[in-house]
Every structure is written in structure tokens, then in C-alpha cells.
Amino acid sequence: MIPGLDIMAFSGWLLLASNQQVCSMTKAPSIVVNPITAPIQYEFNLGSEELDKIKSNTVSPYAPGTDTTTKGLRHDKPEFQYSVSIYRAEDHQRQTACFWYDKVEVTIKLSPKIYVAKEQSDKRCRDEILKHELKHVEVDRRVINNYARNIGIAIQNSVNEIGVIGPYNLHEKDKVNESLKAHIKSAIESQELLLYRDMRNEQSQVDSLEEYERVSAICRNK
């Protein structure tokens, strides 16, 4: 049952008697989750102070993977896009309809960009900074791939919970559609918060003291 639906049924949502239109799902919903990543972009023309400004101006729900000590920066943030289509089986004679999910499609896009301060012109130092920042990119990709499956499961559970609902008067169709879409949005957002938490944790492991000392030693001895 959609949260709030039973309450709204008594305040304008007219759920009709069972001897009216019979609601039965005729087609299973389709659920698609696509994790995609754009090619990595690189920037070598900014100074350390400019990278610090990028870090301080970055608004992100998880650590952006900045490494001012090694004069490198990886910036990325998952971008969520989703669409929900609702199937409506109408009884034109009674002006009623049954509703269920037709298709839910989610795209999670990464657009990674790696910065290395222009002061780090030594090839060996720069290469090590790049290797370090690429570790952050790989963490992003791994976590996103893992959560693509988790998001799919969360959506499937939400779809199963709703099943088919109705019949409702056709003039209520917009409200029903919005409520069904809100149900899916809630499922996605619950997984999104967990994704950011795990991404934070795994990114912090990349920025270990051992890794910092390793890269710093190479850049000092260039």
C-alpha cells in the first residue's frame, strides 16, 4: 500500500467497491539500473592554491577525494536520473482505472576529473599522483557497480509491495501516479544515502598514512 494512500482514500481518493472493475496485473514491471561512467578528464594547468579553492568550494555529500599534500585532486559525484512509467488499465464505461508500475529505469552516471598541480612537473612525481587519484576513481566505480544491484533490489521490493492498486476514479489518476512515483523515489534515496556512506569509508582507506608517505617520498626525491 502506498504511504498515505489509505488516508487519502477517505479524503477524496475514491477506492471503489470490489464488485466494480476487477484489478489484475497483465504484465510484469520492467526494472533497469544502468551504471555508466564518462571518460576521465585531466587538468594539469592549475596551481596548488587553485586546487585548494576547488576543494573548499566543492559541495558533496561524501569526501571528494582531495589530496592537497600530494597536490592532486580527484573530483566526481554520482548523478542520479530516473524515470517511472505507470500502466493504467481503464474501464471507460465506469470511468475507473487500475494502476501498476510499467517500467522503472535508473541511470547512475560518474564524470571523473583528475587535477594535478602544475608545480608538480617532475614526471615520476606526477605519475605517482595520478596513480593515487586513479585509485579514488576506481573506488567510485566499484561502489557504484555494487549499488546498482542494491538499488535494483530496493526498487523491486517497492514494486512488489505495491503490486496492482485500484480501481480508482479516472479523475484521481494524476494523484495516484504522483504517489506511485514518490514511492520509487523514496526507495532510490534510501540506497543513495548508503552509497555515499560506503563511498566515504572506502575513499578514506585510499588516503592512508602509508599511501601519503609513499607518494610524498617519491615527490621529495624527484
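Residues numbered from 1 in each chain as written. Predicted model: local features only at pLDDT ≥ 70, side-chain atom pairs only at ≥ 80, totals over all residues. Heavy atoms only, no water.

Trainee: Got a minute to help me understand the state of the cysteines in this structure?
Mentor: Disulfides are covalent bonds that connect the sulfur atoms of two cysteines. With the rule as written, the count across this model stands at two disulfides. There is a disulfide in this structure between Cys23 and Cys98, and the S-S distance comes to 2.0 Å. The sign of the S-S torsion, about -85°, decides the handedness of the disulfide formed by Cys23 and Cys98: left-handed. Residue Cys23 is located in the loop between α1 (5-8) and β1 (30-37), and its partner Cys98 is located in strand β6 (residues 96-110); the two are separated by 75 residues in the primary sequence. Classification of Cys98 by relative accessible area gives buried; the value is 1%. Disulfide pairing places Cys125 opposite Cys219 at an S-S distance of 2.0 Å. Every disulfide takes its handedness from the sign of the S-S torsion; for Cys125 and Cys219 that torsion is 90°, giving right-handed. Of this pair, Cys125 sits in helix α3 (residues 123-162) while Cys219 sits in helix α5 (residues 209-220), placing them 94 residues apart in sequence. In the protein, the bonded cysteines, numbered by position in the sequence, are linked as 1-2, 3-4. (Disulfide = S-S within 2.5 Å. Helix = DSSP H or I, 4+ residues; strand = E, 2+ residues; numbered from the N terminus. Buried < 20%, exposed > 50% of the residue type's maximum accessible area, 1.4 Å probe, protein only.)

Trainee: When you look at unusual backbone geometry in this model, what are you seeing that I'm missing?
Mentor: Note: most residues except glycine have negative phi, and most peptide bonds are trans. Here Gly166 and Pro167 are connected by a cis peptide whose omega angle stands at 5°. A positive phi angle, close to 60°, is found at Gln95, a residue other than glycine. One can find Gln95 in the loop between β5 (79-91) and β6. Using a relative accessible area of 41% as the deciding quantity, one classes Gln95 as partly exposed.

Trainee: What am I meant to see in the environment of Glu43 here?
Mentor: Within the secondary structure, Glu43 sits in strand β2 (residues 41-43). Remark: the alpha-carbon pair of Glu43 and Tyr115, spanning 72 residues in sequence, is separated by 4.7 Å. Here Glu43 is in contact with Lys113, Ile114, Tyr115 and Val116, once residues within four sequence places are set aside. There is a polar contact of 2.8 Å between the side chain of Glu43 and the backbone nitrogen of Asn45. (Contact = heavy atoms within 4.5 Å. Polar contact = N/O pair within 3.5 Å; in protein donor to acceptor, adjacent residues only side chain to side chain.)

Trainee: Looking at this structure, how should I read α3?
Mentor: Quick reminder: α-helices carry 3.6 residues per turn. Residues three or four places apart thus point the same way. Taking 1.5 Å per residue, 40 residues should reach 58 Å; α3 reaches 58 Å between its end C-alpha atoms and fits that length. For α3, the N-terminal capping position is held by Asp122, with its side-chain oxygen 3.2 Å away from the main-chain nitrogen of Arg124. Taken from the residues just after α3, Gly163 is the one with a positive phi, measuring 65°. (Expected span 1.5 Å × (residues − 1).)

Trainee: So what exactly am I meant to see when it comes to the packing of aromatic side chains here?
Mentor: Scanning the model with the defined rule gives three aromatic pairs in all. Between Tyr42 and Phe44 the ring centres are 6.2 Å apart and the planes differ by 5°, which places this aromatic pair in the stacked class. Classification of Tyr42 as partly exposed rests on a relative accessible area of 41%. Taking the relative accessible area as the measure of exposure, Phe44 reaches 26% and is therefore partly exposed. (Phe/Tyr/Trp six-rings, centres within 6.5 Å; stacked < 30°, edge-to-face > 60°.)

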